[in-house]
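# Working through the structure, step by step
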Amino acid sequence: AGDEVIFQNIHGKGIILERLERRNALVRRAARPRPGVYDQPQTLAANLDLLVAVLAAANPAPKWNWLDRCLVSAEAEGIPALVCMNKMDLAGQGRSSARRDLQTVLDEYRQAGYPVLEISALTGQGLDDLRAALAGKIAALAGQSGTGKSSLLNALLPELGLRTGQVSDYNGKGRHTTTGAELFPMPGGGMLMDTPGLREFGLWGFEEEDLAYYFPEMRIFLGSCRFGASCRHNDEPGCAVRRAVTRGEISPYRYRSYLYLTQEN
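Residues numbered from 1 in each chain as written. Predicted model: local features only at pLDDT ≥ 70, side-chain atom pairs only at ≥ 80, totals over all residues. Heavy atoms only, no water.

### Topic: the environment of glycine 190
Structurally, glycine 190 is set in the loop between β9 (182-185) and β10 (191-194). The contact partners of glycine 190, leaving out residues within four places of it in the chain, are Gly136, Lys137, Phe184 and Pro185. (Helix = DSSP H or I, 4+ residues; strand = E, 2+ residues; numbered from the N terminus. Contact = heavy atoms within 4.5 Å.)

In structure tokens:
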């Protein structure tokens, strides 16, 4: 979804003649259908002006590592990203400190430079801000199953009447209700894409030495380390990134997430 093509109408049927070059694409490592199969890329969306990464405040609990993978993939393609925290009506239920803890983590992403919207598709909280962010753009909603992407689309475009699902009581994970990516026209211009629930978001096509560049709060310190471009920002002496962490200019949480991705990648 999102590809631009040249097509010809032949006897009332559109025949695609050529796919035009993509200006960007959101790609992940495809899930292996069975053990022993080689890793393959899976293109989720193309030609985006905005990626809306959707998490839920609760039911299911937000997976921050999933979010970081998604944001890194968007950064690598030059796709602006927005963090959308849905189900804010559930935030803090049952524990007084839960909402405060959630705000602390969201502030880490704001500090990194990402716009963060706190939304409730149920109550309508934040929907006007989301509409304003989407206006005139080709945008995609990406999130794990159960985070409420289809509910958000229904709230923004009630005429769609998309099917939504409940989160499993057994494992706390969402059930898939969207099976394929589809673009919907938005009132006043722009298009919004719903994508299937992405339980995993494996990075594809990254070298370890490139990952720090895709953490925008680290980017300004790269090249200032004692070992220059050879620094991996782990335990090397004279690392400008680690100094920025100790000064509070880079979130320790985000720094640990970066280290985790380098070890995994």
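The rest of the description comes next.
### Some thoughts on the sheet that holds β10
Spatially, the six strands line up as an open sheet ordered β7-β6-β5-β8-β10-β9, and their pairing is mixed. Of all the strands in the sheet, just β7 (116-118) and β9 have a single pairing partner and so form its edges. Averaged over all adjacent pairs, the angle separating strand axes in this sheet is 25°, with direction ignored. In this fold helix α1 (residues 64-77) packs onto β5 (50-56), β6 (81-86) and β8 (138-143), with an angle of close to 180° to the strand it touches most, β5. The strands touched by helix α4 (residues 149-156) within the sheet are β5, β6, β8, β9 and β10, with β10 carrying the most contacts at an inclination of about 150°. (Pairing = 2+ DSSP bridges. Axes fitted to C-alpha atoms, helices over the stretch in contact; angles between N-to-C directions.)

### Brief notes about the packing of aromatic side chains
This model, assessed by the stated rule, comprises seven aromatic pairs. Here the aromatic rings of tryptophan 66 and phenylalanine 201 are separated by 6.1 Å at their centres, their planes lie at 90°, and the arrangement is edge-to-face. With a gap of 135 residues between them, tryptophan 66 in helix α1 and phenylalanine 201 in the loop between β10 and α5 (216-219) connect regions that are remote in the sequence. Assigned by exposure class, tryptophan 66 and phenylalanine 201 land together as buried. Here tyrosine 213 and tyrosine 214 contribute two aromatic rings whose centre-to-centre distance is 5.6 Å and whose plane-to-plane angle is 85°, an arrangement assigned as edge-to-face. (Phe/Tyr/Trp six-rings, centres within 6.5 Å; stacked < 30°, edge-to-face > 60°. Buried < 20%, exposed > 50% of the residue type's maximum accessible area, 1.4 Å probe, protein only.)

### With respect to a negative patch on the surface
Taken together, the side chains of Glu207, Glu208, Glu209 and Asp210 define an acidic patch exposed on the protein surface. Position of glutamate 209 among the secondary structure elements: in the loop between β10 and α5. (Patch = residues over 30% accessible without salt bridge, like charges linked within 9 Å, V, L, I, M, F, W, Y side chains within 5 Å. Areas by Shrake-Rupley, 256 points an atom, 1.4 Å probe, with all protein chains shown as cover. Salt bridge = Lys/Arg side-chain N within 4 Å of Asp/Glu carboxyl O. Lys, Arg positive; Asp, Glu negative; His and termini not counted. Charge placed at Lys NZ, Arg CZ, Asp CG, Glu CD.)

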